[in-house]
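The lines below spell out each chain.
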Amino acid sequence: MANEISWATLETDAGLAHYLMEGIHENLYDPTDLRAVMTRRPWSDNMGSETGKVTKVSMSHSFAAASTEISGGASNESIGSGNFQLNPTRRTQKWQVSDLWRKCAVNGSIDLDLLARIVAIGTGLTATDMLCALFASLATTAGSATAQMSVDFAYDAQYKLNLARANGPYRLILAPHPFNKFQDSLRGEGGALQFVAATADMLSLRGPGYKGMFGTTEVWDTDSAPLDGGSTYRQMAMIAEGCFEYTEAPPADVSDALPSNVIKIVDGLVRMVHTYSGETTLTTIDADYYPSVVEAEDLRGVYISALAA
């Protein structure tokens, strides 16, 4: 027999090697957003400067004994001096999508809605990278560049924060491999020492990257914790509330400056401007984000080093 109407005979001329099924598969990545471990400082527009200054004061003032019942003897207290500054700078993402792809793409695959979601996720990833890059600037240190992460390193950091009078809760921020070694070290500990893993409810509140509680210390891990100048150890930290602060300046509304063939989408902290080119039939998506992350007070943090592998 011949000329059967079958896949085997018609695949080349009338069939497809494959078709694009609805939906996508998201490749593994680390979605950790560490904005939750920092103090957020709201940004104010139209204040005449690109930099916001935060004044630092001393709140520790005990009363002095008076000379007598009816005389003073006190000296003026010093309120302290100093400040830190938040300076948002522009961060960008750019994408281009052709008309032909938009005509052929299956609904729910790689489309403008997906790109908008990627851009939104990118804000947390960017702030996390900026925070972790500052860990090495902390003056107080714990751990070792030649040893694996351990419970001892965590306690050492806790002790130093306590000596500095930094109030809890503390946040221990590790890279993935040191976090594994930290858990491995916990297995060998006795007594009441306990690590309580994050529940689904806690993850929904804090987001990815939160691992659980070590006593009263929150434990996080992120692959944004940088390597040293080479590749031997990770730069991590244990921090108290107020050690790092951040701000996110909403992008300016530029609708009155855009030509008629441009679509403007403002999504909270990110502006996405869609520009269409008739010559190339490409839609260009330019996304703008204006964050700033700073170390507010050095004594509220401890830099921790441990082997990267």
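In this report, the structure presented in the accompanying data block is examined. Here the structure is a predicted model, which means the values were calculated and not measured.

1. Examining the packing of aromatic side chains
Centre-to-centre distance and the angle between the planes together describe a pair of aromatic rings.
Okay, so step 1: Counted under the stated rule, the structure contains 5 aromatic pairs.
Okay, so step 2: Ring centres of Tyr155 and Tyr159 lie 5.9 Å apart, and the angle between their planes is 20 degrees; on these two criteria the pair is classed as stacked. Taken together, the residues span about one helical turn, with Tyr155 and Tyr159 both in helix 4 (residues 151–163) at a distance of 4 residues.
Okay, so step 3: The partly exposed category is assigned to Tyr155, whose relative accessible area is 26%.

2. Looking at the state of the cysteines
Okay, so step 1: Summed over all chains, the structure comprises 0 disulfides.
Okay, so step 2: Here Cys132 is not cross-linked by a disulfide; its sulfur's nearest cysteine counterpart is in Cys243, at 12 Å.
Okay, so step 3: Given a relative accessible area of 0%, Cys243 falls into the buried group.

3. Some details on the environment of Ser224
Okay, so step 1: Inspection of the secondary structure puts Ser224 in the loop between strand 9 (217–221) and strand 10 (233–240).
Okay, so step 2: Overall, Ser224 belongs to the buried group, its relative accessible area being 17%.
Okay, so step 3: For the pair formed by Ser224 and Cys132, sequence separation is 92 residues and the distance between their alpha carbons is 6.2 Å.
Okay, so step 4: Among residues more than four places away in sequence, those in contact with Ser224 are Thr128, Asp129 and Cys132.

4. So, the pattern of salt bridges
Okay, so step 1: Across all of its chains, the model carries 12 salt bridges by this definition.
Okay, so step 2: When salt bridges that share partners are traced, they join Asp33, Arg35 and Glu248 into one network.

What counts and what doesn't
Every chain is numbered on its own, with residues counted from 1 as its sequence reads. A pLDDT threshold of at least 70 governs which residues receive local features in this predicted model, and a stricter bar of 80 or more applies before side-chain atom pairs are shown or counted, although totals over entire chains, interfaces and linings include all residues. Excluded from the side-chain calculations are hydrogens and water; all other atoms, namely the structure's heavy atoms, are used. Note on ring pairs: Phe, Tyr and Trp rings are taken, using the six-membered ring of Trp, and paired if centres are within 6.5 Å. Classes follow the plane angle, with under 30 degrees stacked, over 60 edge-to-face and the rest tilted. Secondary structure elements are defined from DSSP: runs of H or I of at least 4 residues count as helices, runs of E of at least 2 residues count as strands, and each element is numbered from the N terminus. Exposure classes here rest on a 1.4 Å probe applied to the protein chains alone. A residue is buried below 20% of its type maximum, exposed above 50%, and partly exposed in between. Pairs of cysteine sulfur atoms within 2.5 Å are identified as disulfides in what follows. Residue contacts are defined here by distance: any two heavy atoms, one from each residue, within 4.5 Å place the two residues in contact. Should a side-chain nitrogen of Lys or Arg be within 4 Å of a carboxyl oxygen of Asp or Glu, the pair is scored as a salt bridge.

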